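A closer look at the structure
Residues per chain, in single letters:
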Amino acid sequence: MKRHRPSSSSDSSDNESPSTSFSSSYKYGGKVGTPVSQPKKPAEVFRKDLISAMKLPDSHHINPEEYYLLADTWKQEWEKGVQVPASPDSLLQPSLRVIAEKPKESLFVRQRKYIQCSSQEPVEAGYVNIVELAESMCRYDLDDMDLFWLQELNAELDELGDGCSLLDEFTMEKAMEALEKQCHESMNHAIETEEGLGIEYDEDVICDVCRSPDSEEGNDMVFCDQCNICVHQACYGILKVPHGSWLCRTCVLAIHPQCVLCPQRGGAMKATRAGTKWAHVSCALWIPEVSIACPERMEPITKVSHIPPSRWALVCSLCKLKTGACIQCSVKSCITAFHVTCAFQHSLEMKTILDEGDEVKFKSYCLKHSKPTAGEPRPKPATETEKTSLRAQKLLALEEQFYTLVRSEDLACQLGLPEHVLDFVYQYWKLKRKSNFNKALLPPKEGEENVLLQPREDSIHTRMRMFMHLRQDLERVPSTVSGLLTNYTDTFSIGLQSLPCRKYVQ
């Protein structure tokens, strides 16, 4: 829609534009176009001639510089006019001046000595790397005994005519720190590599469910980080191996239940449908009446009630106990009974056969019908107490021979000291550490693991048990609070009933 561009002359007045109206004329009691005896200067002016100039047909020929192209539709309130300043001459004229662009000045200069940069930055004046400064500081401080021994050493070297090899305090501190550091690193390496000190796994370990030592891709063998049982993923229903630590079902709940199908505790166990009883997965697989609801997750164990009383009445020929449910020898003429876990402990012949219909059949044989090598009980693994005691003995022997873990020749080249001078320091360090009961002369750094104590897994297990106890306590809180509230309400009601009743007469 084309609209005519009005003239921008500022000398137009009401007399020149008869269609111009004052919006303030009604305010002073006058009529439109009627002069007033003492007219006051209006606050605003609406010019209608501009509106009339805008009402031109689109077919009217106007030069492009004489009109505006409006995109909005026409509005009815525009009919009263266009608001223009009443006194254009009294408007303030803007004053401008061009300011030359000044170079940017740094208003804040960071103190580089307080900033730790992860990337390599050029060294500037006044820049101090806190990490490098901390690493360059010596952690060993000489005590009075060290100062006295250093004074005696320098006196002896001076008597021998070796005045150039005199040792200052800072050099001796660096030498003592280097000896401690190399001893600590060598001891950590020995602990990690020597059998019985680190965390090793038996190469002949077998799955606790299927008793097979082999594993394949997608069916790895997983160890519980607390009870150290080993199971296949498929045997225990582990859909995905976790990246961190993994705990079996009983260790997650921090319980040590007894199997409902055998007298043994511990091992790869799963709960029944009710969740109150537990059973070994191997017992559930080998006892024909028992089944597992979800084969993928291998839980829960069901149909325990389907076991006939005759099976509950069998007595195990190996442990001589009438506890749980026993299985019998697969030879038809043999009725020897035994528990599944007892058969595994005595290395009886236990077979799983896959028939033509992809159905798994379990075959078990007694001592008489097993292989000739069977029948010998499997040696019991060492208990945690025995392992801890053996580890402590090995660590004690390693600590007593701490000086064999240091090579003074390499340290002499590293520190730039003569070998005979460093040998003096080495002998003094050895005597001082022995007087300290073979303990380190430097405290461990922050975040540095103390490998001479129990392995790190023990602390993780302790925290896990603590969290499980805390969770159980939190689960008991609602019932405890509700019981307290009930007792308080009952006591309050009894107290109200025992109050004497009085009648007030107005």
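Below: a short report on this structure.

Observations concerning the overall build of the protein chain
Regarding its fold elements, the protein chain presents 13 helices and 15 strands. Of all 506 residues assigned to the protein chain, the portion counted as buried reaches 29%. Look at the contacts in the protein chain between residues 6 or more apart in sequence, and 54% of them connect residues 24 or more apart. Summing over all exposed atoms, the protein chain offers an accessible surface of approximately 35,700 Å²; the carbon and sulfur share of this is 54%.

Concerning the packing of aromatic side chains
For the coordinates displayed, the defined rule picks out seven aromatic pairs. On the basis of an interplanar angle of 90 degrees and a centroid distance of 5.8 Å, the ring pair of Tyr236 and Trp246 is categorised as edge-to-face. Here Tyr236, found in helix α5 (residues 233-236), pairs with Trp246, found in the loop between α5 and α6 (249-252); they are ten residues apart in sequence, far enough to count as distant. For the pair formed by Tyr236 and Trp246, the shared burial category is buried. With a centroid separation of 6.4 Å and an interplanar angle of 80 degrees, the aromatic rings of Trp286 and Phe344 are classed as edge-to-face. With Trp286 in helix α7 (residues 281-286) and Phe344 in helix α9 (residues 340-345), the pair connects residues that are 58 residues apart, well separated along the chain. According to the relative accessible area criterion, Phe344 is buried, its value standing at 8%. Of the aromatic side chains, those joined through ring pairs into one cluster are Phe402, Tyr403, Tyr426 and Trp429. Above the face of the Tyr403 ring, Lys430 is positioned so that its terminal group lies 5.0 Å from the ring centre. Here Arg433 stacks its cationic end above the ring of Phe402, 4.9 Å away from the centre of that ring.

What about the pattern of salt bridges?
For the structure shown, the criterion picks out eleven salt bridges. Notably, a salt bridge pairs Lys174 with Glu177, separated by 3.9 Å at the nearest N-O pair. You can see Lys174 and its partner Glu177 sitting in helix α4 (residues 169-193), three residues apart, about one turn around the helix. In this structure, Arg211 and Asp208 form a salt bridge, with 3.8 Å as the shortest nitrogen-oxygen distance. By relative accessible area, which is 26% here, Arg211 ends up partly exposed. Classification of Asp208 by relative accessible area gives partly exposed; the value is 21%. Where salt bridges share partners, they join Asp143, Asp146 and Lys432 into one cluster.

Quick notes on the packing of helix α3 (residues 144-159) against helix α12 (residues 419-435)
Axis angle and axis distance: for two packed helices, these are the angle between their axes and the distance between the axes, and together they describe the pair. At a minimum axis distance of 12 Å, the contact between α3 and α12 shows a crossing angle of 150 degrees. On the basis of the axis angle, α3 is roughly antiparallel to α12. By crossing handedness, the relation of α3 to α12 is classed as right-handed. Seen from α3, the contacting residues are Met145, Asp146, Trp149, Leu153 and Leu157; seen from α12, they are Phe424, Val425, Tyr428 and Lys432. Grouping the amino acids of the contact of α3 with α12 by side-chain chemistry returns seven nonpolar, no polar and two charged.

Observations concerning the nonpolar core
The biggest cluster of nonpolar side chains holds 53 residues, and the ones touching the most others in it are Val231, Tyr236, Trp246, Leu261, Val290 and Phe338. Contributions of two or more residues to this core are made by β6 (221-223), β7 (230-232), α5, β8 (269-271), β9 (278-280), α7, β13 (337-338) and α9. Apart from the residues within four sequence positions on either side, Val231 is in contact with Cys207, Asp208, Val209, Asp220, Met221, Val222, Tyr236, Ile238, Trp246 and Ala268. Judged by nonpolar contacts, the second largest core, of 31 residues, contains Leu417, Val421, Tyr428 and Leu442.

Some remarks on a negative patch on the surface
A cluster of acidic side chains, namely Glu152, Glu156, Asp158 and Glu159, defines a negative patch on the protein surface. Taking relative accessible area as the criterion, Glu156 reaches 42% and is therefore assigned partly exposed.

Some points on the environment of Met466
Mapped onto the secondary structure, Met466 falls in helix α13 (residues 456-498). Along the sequence, Met466 and Ala254 sit 212 residues apart, while their C-alpha atoms lie 9.3 Å from each other.

Comments concerning the packing of helix α11 (residues 408-415) against α12
Two elements in contact, α11 and α12, have axes separated by 9 Å at closest approach and are oriented at 120 degrees. As the angle between them shows, α11 and α12 are arranged oblique. Relative to α12, the crossing made by α11 is right-handed. The residues of α12 that touch α11, namely those facing Ser408, Glu409, Leu411, Ala412 and Leu415, are Glu419, Leu422 and Tyr426. Residue composition of the contact of α11 with α12, by class: five nonpolar, one polar and two charged.

Reading guide: rules and limits
- Residues numbered from 1 in each chain as written.
- Predicted model: local features only at pLDDT ≥ 70, side-chain atom pairs only at ≥ 80, totals over all residues.
- Heavy atoms only, no water.
- Helix = DSSP H or I, 4+ residues; strand = E, 2+ residues; numbered from the N terminus.
- Buried < 20%, exposed > 50% of the residue type's maximum accessible area, 1.4 Å probe, protein only.
- Contact = heavy atoms within 4.5 Å.
- Areas by Shrake-Rupley, 256 points an atom, 1.4 Å probe, with all protein chains shown as cover.
- Phe/Tyr/Trp six-rings, centres within 6.5 Å; stacked < 30°, edge-to-face > 60°.
- Lys NZ or Arg CZ within 6 Å of the ring centre and 35° of its normal.
- Salt bridge = Lys/Arg side-chain N within 4 Å of Asp/Glu carboxyl O.
- Axes fitted to C-alpha atoms, helices over the stretch in contact; angles between N-to-C directions.
- Parallel < 35°, antiparallel > 145°, perpendicular 65-115°, else oblique.
- Left-handed = near helix turned anticlockwise from the far one by under 90°.
- Nonpolar A, V, L, I, M, F, W, Y, C, P; charged D, E, K, R; others polar.
- Core = buried A, V, L, I, M, F, W, Y, C linked by side-chain atoms within 4.5 Å.
- Patch = residues over 30% accessible without salt bridge, like charges linked within 9 Å, V, L, I, M, F, W, Y side chains within 5 Å.
- Lys, Arg positive; Asp, Glu negative; His and termini not counted.
- Charge placed at Lys NZ, Arg CZ, Asp CG, Glu CD.

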